[in-house]
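# Remarks on the overall topology
So you can see what is in the structure, the chains are spelled out below.
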Amino acid sequence: MLVIGFLVLSSVVGPKMMAGEPLVPLASVRAALADADLQLEPYVREWVRIAEIPAPSGGEGQRADYLETRLRDLGLSRVGRDEAGNVFGLLKGSNPALKKVVFSAHMDTVAPAGADYSVRRTQQAGGGVLRGPGVRDDSSGLAALVAAISLIRNHDLAPAADTWILASAQEEVGLQGAERFVRDHADEIGAFIAVDGSLGQISYAATGIVWLKIRFKGEAAHTLKAHEKPSAILAAARAIDAISAIPLRRSPEELESWLNIGSMGAGDVPNALPGEAWFTVDIRSNDTETVGMLEKQVTELAGRASRGVGVECHIETLHRLAGTSPPGGGKSPLVLSARRVLESLGWNQISVTPRGTADHNVAIARGIPGIAIGITTGDGAHTPDEYADIAPFLIGVKQVMLLALVPLTGTR
């Protein structure tokens, strides 16, 4: 295997780095980058193939089967799965003294098992577009990892550090796969890169997240007696109205916050008052204190609605992830390395943000440096109209390959 030396920012850890020098790949790296330009159609075919395998959260088995086979085909070692359903393999590095790096893309989508997973390819100004469930979030990340590994292997390159390639499970329902993998390997990981997002966006912090399920319980009754009973549905409706009116900070970015009523349910028939009504709340903020404040407001408003109507209120925490901003923030060595790689590829639409809601959150919460990077542009994530732009995908693949080759961690 050819040992790679890069000249990059001094922020990158490694004995072969020199401050202030441009990124200068060796001839084999240049050849790999040129090869990528010739492989767009094969890359797109694999991208489509991955995206068309149904993979709802908790039901990623078929997609996992495919990816496990691909990692074995690419010659990775220690290929396997864990009890969370993650698929992983190890790409040997040139410097065994460095702590390991993780590149992770998630397998699951928010689309249910019975959804139409077919991908449609259309042409529009600036290049083609792929449309389908999870086609960008995060089939593009999975396809880019496979493509980047193939370039590294085909051109006899090696990452600086031993590198875990992780296809994580159940990211969309609380980063469960990443949580299991990081817990199992925390002592050996020196950096974690989530390949999940829009190309050019570098997320360096963990957004705080709380998911609540709020239930209102009353007495069920026939419609003819419904007027005599307190209504769980009425309490839920009043609570939703009040919670939706909570003011949210949009700036500065460090205080940016979100709140969403994501699902709800009550009753089975039109001619009866149901005994229960419920809804879920997704609370997020880049500021830890704000998350706590919003959760308190939601809880108080739900309690006020239940008391006003005369029903019980029960609140269940479905998911909680502490937000945090690591040392260095947007100027950390990992962020600067990712930025320099994008600039070397001529991609200047770069946004460094504390907003982080991907697998790297888990690493950051454990004190492991982590970022999230994107592979291509697009929009409509988590909707039936999700799409991804094809042309920028090559930049995303090259970004992953180069970032893997740069030393990103210190010694063990």
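Provided above is the structure to which this section pertains.
Residues numbered from 1 in each chain as written. Predicted model: local features only at pLDDT ≥ 70, side-chain atom pairs only at ≥ 80, totals over all residues. Heavy atoms only, no water.

### Topic: the sheet that holds strand β6 (residues 163–168)
Taken in spatial order, the eight strands line up as β1-β2-β6-β3-β7-β16-β8-β15 in an open sheet, and their pairing is mixed. For this open sheet the edge positions go to β1 (77–81) and β15 (351–353), each flanked by a neighbour on one side alone. Geometrically, the sheet is characterised by an average inter-axis angle of 20° between neighbouring strands, direction not taken into account. Alignment of strand β7 (residues 189–195) against strand β16 (residues 370–373), held across four bridges, turns out to be parallel. When the bridges of β16 are listed, Ile193 appears paired with Ile371. Against the sheet, helix α4 (residues 139–154) engages β2 (87–91), β3 (100–106), β6 and β7, with an angle of about 140° to β3. (Pairing = 2+ DSSP bridges. Helix = DSSP H or I, 4+ residues; strand = E, 2+ residues; numbered from the N terminus. Axes fitted to C-alpha atoms, helices over the stretch in contact; angles between N-to-C directions. Contact = heavy atoms within 4.5 Å.)

### Quick look at the pattern of salt bridges
Inspection of every chain in the model, using the stated rule, returns 18 salt bridges. The closest approach of N and O atoms between Glu276 and Arg215, which form a salt bridge, is 2.4 Å. Of the two residues, Glu276 sits in strand β13 (residues 276–285) while Arg215 sits in strand β9 (residues 208–217), which places them 61 residues apart along the sequence. The class of Arg215 is partly exposed, set by a relative accessible area of 24%. Between Arg284 and Asp282 there is a salt bridge; the shortest N-O distance is 3.0 Å. (Salt bridge = Lys/Arg side-chain N within 4 Å of Asp/Glu carboxyl O. Buried < 20%, exposed > 50% of the residue type's maximum accessible area, 1.4 Å probe, protein only.)

### Focus on the nonpolar core
Counting residues in hydrophobic clusters, the biggest one holds 76 residues, and the most contacted among them are Phe103, Ile193, Val195, Ile371 and Met401. Excluding residues that lie within four positions of it along the chain, Ile371 makes contacts with Phe192, Ile193, Ala194, Ile202, Ser203, Tyr204, Leu334, Val335, Ala338 and His360. Grouped together as the second largest cluster of nonpolar side chains are 24 residues, Phe216, Ala235, Ala239 and Ile243 included. (Core = buried A, V, L, I, M, F, W, Y, C linked by side-chain atoms within 4.5 Å.)

### Things to note about the sheet that holds β13
Read across the sheet, four strands follow the order β11-β13-β9-β14 without closing on themselves; strand pairing throughout is antiparallel. Strands with a single pairing partner mark the edges of an open sheet, and in this sheet they are β11 (257–266) and β14 (312–321). On average, adjacent strands in this sheet sit at an angle of 15° to one another, irrespective of strand direction. Taken together, the 10 bridges between β9 and β13 define a ladder with antiparallel strand orientation. Across the sheet, residue Lys217 finds its bridge partner in β13, namely Glu276. Packing against the sheet, helix α7 (residues 232–244) makes contact with β9, β11 and β13, and its axis sits at approximately 15° to β13.

Purely spatial values, then, with no claim about function.
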